[in-house]
Amino acid sequence: MKRILIIDDEPGTLAVIQAAFEEYTCRVDIAMTGEDGIKKAQNFKPDVILLDLRLPEMQGEEVLKQLKAKVPNSKVIIGTAYGDEKKRGQLLKDGADGFFDKPININAFEKKVRELIGTITEIRVLIIDDEPEFCTNFKEIIAADTESNWVVYYAQTGEQGIKMAEELMPDLITLDLVLSLRGDTRPVASGIEV
């Protein structure tokens, strides 16, 4: 599941953008100031950040620089009403990965959303179960979905599962509610792409 952070102080814009991404089953978080956006980005670790340049308290250009320094793997897409190519060129030098126009044209924006979603298609699944047969069967079921890139992780004990869930922040967790109490310490496979 994609993680999208929207940094914008206009409630109408936030509602439109949030609805567009949630339609694609993305995990969406919002921030209405640059400072809050930077903090949320560090904790949320979004795949894509949509950043408005006109923010209260801190200019979008400064927010962009801090985001690229603190969460360099996140793509930052700038929302702007400016047509100034020189300004856009400077923003690209500062780390912007692209632009979307404001005010938002819903058809053009949804096309941009589909482009962004298409570039980040990984769905992380954590299976917490001590029965290898169940893990194999579950993997076969999700492998039938050829439109998504499933990455499956396994944990054989509840303790391992909790630790992996905290580290991976998976999109889906399957949990055997009757795990063995034998304290199995066999090694657990790391990510295995389906």
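Residues numbered from 1 in each chain as written. Predicted model: local features only at pLDDT ≥ 70, side-chain atom pairs only at ≥ 80, totals over all residues. Heavy atoms only, no water.

Participant: Summarise the packing of aromatic side chains; cite the residues concerned and give the values.
Facilitator: Here the structure, examined in full by the defined rule, presents one aromatic pair. When the ring centre of phenylalanine 99 is taken as origin, the NZ or CZ atom of arginine 88, which lies over that ring, is 4.8 Å away. (Phe/Tyr/Trp six-rings, centres within 6.5 Å; stacked < 30°, edge-to-face > 60°. Lys NZ or Arg CZ within 6 Å of the ring centre and 35° of its normal.)

Participant: Describe the pattern of salt bridges, listing the residues and the values that go with them.
Facilitator: All told, the structure shown has five salt bridges when counted by the stated rule. Close ionic contact of aspartate 29 with lysine 40 constitutes a salt bridge, the shortest N to O distance being 3.5 Å. Taken together, the residues aspartate 29 in strand 2 (residues 27–31) and lysine 40 in helix 2 (residues 34–44) connect sequence positions eleven residues apart. Measuring nitrogen to oxygen at the nearest pair gives 3.6 Å for the salt bridge that ties lysine 39 to glutamate 35. Within this pair, lysine 39 and its partner glutamate 35 are both found in helix 2, separated by four residues, close to a single helical turn. Overlapping salt bridges bring together Asp29, Asp36 and Lys40 as one network. (Salt bridge = Lys/Arg side-chain N within 4 Å of Asp/Glu carboxyl O. Helix = DSSP H or I, 4+ residues; strand = E, 2+ residues; numbered from the N terminus.)

Participant: Could you give an account of a nonpolar patch on the surface, naming the residues involved and the relevant values?
Facilitator: Nonpolar side chains collect at one region of the surface, where Ile173, Leu175, Leu177 and Val178 lie side by side and expose about 450 Å² of accessible area between them. Inspection of the secondary structure assignment puts isoleucine 173 in strand 8 (residues 172–175). (Patch = residues over 30% accessible without salt bridge, like charges linked within 9 Å, V, L, I, M, F, W, Y side chains within 5 Å. Areas by Shrake-Rupley, 256 points an atom, 1.4 Å probe, with all protein chains shown as cover.)

Participant: With reference to specific residues and values, describe unusual backbone geometry.
Facilitator: We note that lysine 45 has phi near 50°; this positive angle belongs to a residue other than glycine. Its place among the elements puts lysine 45 in the loop between helix 2 and strand 3 (48–52). For lysine 45, a relative accessible area of 57% translates into the label exposed. In the Ramachandran plot, glutamate 57 falls in the positive-phi region, its phi being about 75° despite a non-glycine side chain. One can find glutamate 57 in the loop between strand 3 and helix 3 (60–70). The class of glutamate 57 is exposed, set by a relative accessible area of 75%. (Buried < 20%, exposed > 50% of the residue type's maximum accessible area, 1.4 Å probe, protein only.)

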